[in-house]
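# Inside the fold
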Amino acid sequence: MARRNSAADGSNSERIPATCRDATPSRLPTTNYNDMDTPLAKHRMMNRLIVVSLLLMSALMPANADKLMDNVRRNLDAVPQVRDSYIRYGSQYAGQRWTSPSAQMFAEFKTNGNRTRYEAATFAKRRQLAALVMAEIAEDKGRFMGDIIDGLQSTLEETWWGIPAHYPTKMMRREDQNVDLFNAETAGLVAWTKRALKEKIDSFSPMMTKWIDDEIARRMLAPALATDYWWKKAGMNWNPWICSNWLACVMFCERDSVRRQQAIEQIDKAMQCFYNAYPDDGGCDEGPTYWDRAAASLFDCLYLRNDGNSRDFADAKLARMAAYSYATYIADGYCLSFADSHGNRMVQQPNVMYPFAVMIGDKTMARFAAYVAKEKAFMTNAAAIFHQSGNYPTLGRELVFLSMLDTFVNEEAAEPLLADTWLQRLQIMTARRNGVFLAMKGGHNDESHNHNDVGSFVVYDGGIPVLVDPGVGEYTSMTFSKRRYDIWTMQSAYHNLPQINGCDQQAGRKYASHDVEYRLGRLKMDLAKTYPDSAGINCWTRVVDIDKRGVVTLSDDYDLSRCSSPVRLMFIAAHEPRVKAGEIEIGTMKMKYDTTILDVAVEPLDGKFDPMLRQMWQDGLWRIVMSVKGNSKRGKVKITVARGTSPYRR
């Protein structure tokens, strides 16, 4: 869990209100983050929700359950092209066999470090079930129920519902029902299936409904209630992700009122821990792709427990947590790929963004959800978005979303092209000038899903990546081990950062930025303490800014105690660099540098790609290495990035 109790330099400096100005005020409302919570009001939302939750002593009332499903079916009938998309989606799975991944495949994580083969197989099975359930809800004729019953039986017969990376032994054991992300998410899928189709499942046999309840109790409800899991106190995605599924199981499958109350109390405490640990600026240090299972999963919990009552969402910090989904947006579907980002385009999901936006009253977010849906052709292929909305689709989210379909189809679609954003706790700045986008991050190297990247920055020409953060590749046994920083994407040498006396940045809370100064379009910090003592750095002041023309300037001013090897500046380019004297063309932009100070070399990174990175960066990545000539212990380097003669494309 990331620790967020102080500023990046370890001080207790007073927080600076985050700001977020709109680049197109005539089209989008300005989002203002200046209203920081007072001490009394800070936890008002969560404390009120605790009281509300204690009143929910039984599963969701039938009238409310009927209301949700009635709204879903009515809305689908009103938009037949969307309804038919789900029916087509489920039809492709009709009559298919149900298979479970093998014991040998499960063991691969312990034997060769591979986790993707088992995950692909088990996620495909859950996707098959979710598709059939949505098809049955949409068509409502019973045609898919036989396949759904068989799928439920096959799932209930599995030994454990999680993934091998989260399990202590090479083989699964029936008696060890460790509650991980995907044990919880499978339980949530089964619980929502029961809620949506209970009458039809009962018509096949009430024994199936009882079996569902019994297995969810054994696998999820009992161990979650009895075990003091670390994630209950975590300030990262495991906490709300698991709790949102745990709560669904409690609401739909827990038959004992005492255990139900105890579980809800524990979920309240867990969510309070998550909420308290989250930065006041609403930033997600795990990166934009994990926002979907961090702040968005907190929303899932709040919505379910309060049946979508918008009065329980009037909280300034929660609004900032929601706004992170678009504060990190670039253009043309691209978003920042800081930390463990498994994607860089269209990563936010309309099925949680839109309900979240509606409940907190954020029109920018609602329009962003509509924009993503429009770009993905929601009206003609809604099920394709559902299919790609996670490791496997989240049924509960889709049903809540579809219950609002009547308003969503009339929502204006608009990109959230913010002019400036400053997330003070995470020290992330974004700025947009004349269509050019700049982002830079400070902070420290002990964030959740950390990369050693303090002081790195990215540049996009509208929706065209120029200088980028590579994100992360497929997870393996190395990813969360002591060898994490042997992976190239985690290293500062593969971010837009210097290498000093042969040293790269190191991982740990003490490796942090200092003397951070922000103003609109400009961020300054000292990077000396992000490197080990062996780097011999007295001071390394980095300033990155952007002017009104969209010209980005990098200035590095350094003072070293020694210079045993050339200072090298690394840059990751998303187009093959064309090097000329004093100039490097990268796509639509040009980097200009002083040839009397710097030598330049370029190396392709394609050979380091795995399938995930190849999907993210289909045109490839290149590393530009600028080496400072001579061995002076003091120096100044200035580099500009500006549009070249190529026409600007948004």
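Since we're looking at a predicted model, the values are computed, not measured.

## Section: the overall build of the protein chain
- Counting its secondary structure elements, the protein chain contains 19 helices and 22 strands.
- For the protein chain, with 650 residues in total, the buried portion stands at 62%.
- Summed over all atoms, the accessible surface of the protein chain reaches about 24,300 Å², with 50% contributed by carbon and sulfur.

## Observations concerning the pairing of strand 22 (residues 634–643)
- The pairing of strand 15 (residues 552–560) with strand 22 spans eight bridges and is classified as antiparallel. Residue pairing for strand 22: Ser555 is matched across the bridge by Lys638.
- Pairing of strand 19 (residues 589–592) with strand 22 involves four bridges; the strand directions are antiparallel. Residue pairing for strand 22: Lys590 is matched across the bridge by Ala642.

## Structural notes on unusual backbone geometry
- Phi is positive for His449, close to 55°, though the residue is something other than glycine.
- With respect to the secondary-structure elements, His449 resides in the loop between strand 7 (444–445) and strand 8 (457–461).

## Section: the packing of aromatic side chains
- This structure, assessed with the given rule, holds 31 aromatic pairs.
- Between Trp160 and Tyr167 the ring centres are 4.5 Å apart and the planes differ by 45°, which places this aromatic pair in the tilted class.
- Through a chain of ring-to-ring contacts, the aromatic side chains of Tyr86, Tyr89, Tyr93 and Phe386 assemble into a single cluster.
- Stacked on the ring of Trp161, the Lys or Arg Arg219 has its end atom at 4.3 Å from the ring centre.
- Looking at Arg484, its charged tip hangs above the ring of Tyr485, at a distance of 6.0 Å from the centre.

## Notes on the pattern of salt bridges
- Counted according to the given criterion, the structure contains 43 salt bridges.
- Two residues, Asp300 and Arg397, come together in a salt bridge whose shortest N-O distance is 2.8 Å. Taken together, the positions of Asp300 in helix 12 (residues 295–306) and Arg397 in helix 17 (residues 395–402) put the pair 97 residues apart, joining distant regions of the chain. Here Asp300 matches Arg397 in class, with each residue buried.
- Each of Glu185, Asp292, Arg293, Asp300 and Arg397 takes part in a single network of salt bridges with overlapping partners.

## Considering the nonpolar core
- Counting 147 residues, the largest nonpolar core has Tyr86, Ile137, Ile216, Met220, Trp246, Trp291 and Phe378 as the members making the most contacts within it.
- Sorting elements by how many residues they give to this core places helix 9 (residues 238–253) first, with twelve residues.
- Among residues more than four places away in sequence, those in contact with Ile216 are Trp161, Ala187, Val190, Ala191, Leu221, Cys249 and Cys253.
- If you look at the next biggest cluster of nonpolar residues, it comprises 44 residues, including Val454, Ala528, Val544 and Leu560.

## Side note on the sheet that holds strand 22
- If you trace the eight strands from one edge of the open sheet to the other, you get 12-13-14-15-22-19-18-17, paired in antiparallel fashion. Of all the strands in the sheet, just strand 12 (514–519) and strand 17 (578–580) have a single pairing partner and so form its edges. Going across the sheet, the axis of each strand differs from the next one's by a mean of 15°, ignoring polarity.
- Taken together, the four bridges between strand 12 and strand 13 (residues 522–526) define a ladder with antiparallel strand orientation. Within the sheet, the bridge partner assigned to Glu517 lies in strand 13 and is Lys524.

## What about the environment of Ala270?
- By the element assignment, Ala270 lies in helix 10 (residues 257–277).
- The contacts of Ala270, once residues within four sequence positions are left out, are Lys232, Asn239 and Cys243.

## Let's talk about the environment of Ile464
- By the secondary structure assignment, Ile464 is in strand 9 (residues 464–467).
- On the basis of relative accessibility, which here comes to 6%, the residue Ile464 falls in the buried class.

## Observations regarding the side chain of Gln177
- Relative to the helices and strands, Gln177 is located in the loop between helix 6 (145–156) and helix 7 (181–204).
- A polar contact of 2.9 Å, which involves the side chain of Gln177, links it to the backbone oxygen of Thr159.
- Look past the residues within four positions of Gln177 in its chain and what remains in contact with it is Thr159, Trp160, Asn183, Arg218, Arg219, Pro223 and Tyr229.

## Looking at the side chain of Asp315
- Mapped onto the fold, Asp315 is located in the loop between helix 12 and helix 13 (316–327).
- Separated by 3.2 Å, the side chain of Asp315 and the backbone nitrogen of Lys317 make a polar contact.

## Things to note about helix 17
- Along helix 17, eight of the eight residues are buried, which leaves the element largely enclosed by surrounding structure.
- Where helix 17 is concerned, the buried positions are Leu395, Gly396, Arg397, Glu398, Leu399, Val400, Phe401 and Leu402.

## What about the environment of Lys374?
- Turning to its location among the elements, Lys374 is positioned in helix 15 (residues 363–375).
- Distance in space between the C-alpha atoms of Lys374 and Ala413 is 7.2 Å, their sequence separation being 39 residues.

## Remarks on helix 3 (residues 80–91)
- Here helix 3 is twelve residues long and its end C-alpha atoms lie 16 Å apart, about the 16 Å a rise of 1.5 Å per residue gives.
- Restricting attention to buried positions, one finds in helix 3 the residues Val82, Ser85, Tyr86, Ile87, Tyr89 and Gly90.

## Brief notes about the pairing of strand 6 (residues 436–441)
- Burial of strand 6 is extensive: six of the six residues sit out of reach of the surface.
- Going residue by residue along strand 6, you find Val436, Leu438 and Met440 tucked away on one face and Phe437, Ala439 and Lys441 tucked away on the opposite face as well.
- Adjacent in sequence and paired antiparallel, strand 5 (residues 428–433) and strand 6 are bridged by two residues, among which Asn434 carries a positive phi angle near 55°.
- The pairing of strand 6 with strand 8 spans five bridges and is antiparallel. By the bridge assignment, Ala439 is partnered in strand 8 with Val458.

Quick notes on the rules
- Residues numbered from 1 in each chain as written.
- Predicted model: local features only at pLDDT ≥ 70, side-chain atom pairs only at ≥ 80, totals over all residues.
- Heavy atoms only, no water.
- Helix = DSSP H or I, 4+ residues; strand = E, 2+ residues; numbered from the N terminus.
- Buried < 20%, exposed > 50% of the residue type's maximum accessible area, 1.4 Å probe, protein only.
- Areas by Shrake-Rupley, 256 points an atom, 1.4 Å probe, with all protein chains shown as cover.
- Pairing = 2+ DSSP bridges.
- Phe/Tyr/Trp six-rings, centres within 6.5 Å; stacked < 30°, edge-to-face > 60°.
- Lys NZ or Arg CZ within 6 Å of the ring centre and 35° of its normal.
- Salt bridge = Lys/Arg side-chain N within 4 Å of Asp/Glu carboxyl O.
- Core = buried A, V, L, I, M, F, W, Y, C linked by side-chain atoms within 4.5 Å.
- Contact = heavy atoms within 4.5 Å.
- Axes fitted to C-alpha atoms, helices over the stretch in contact; angles between N-to-C directions.
- Polar contact = N/O pair within 3.5 Å; in protein donor to acceptor, adjacent residues only side chain to side chain.
- Expected span 1.5 Å × (residues − 1).

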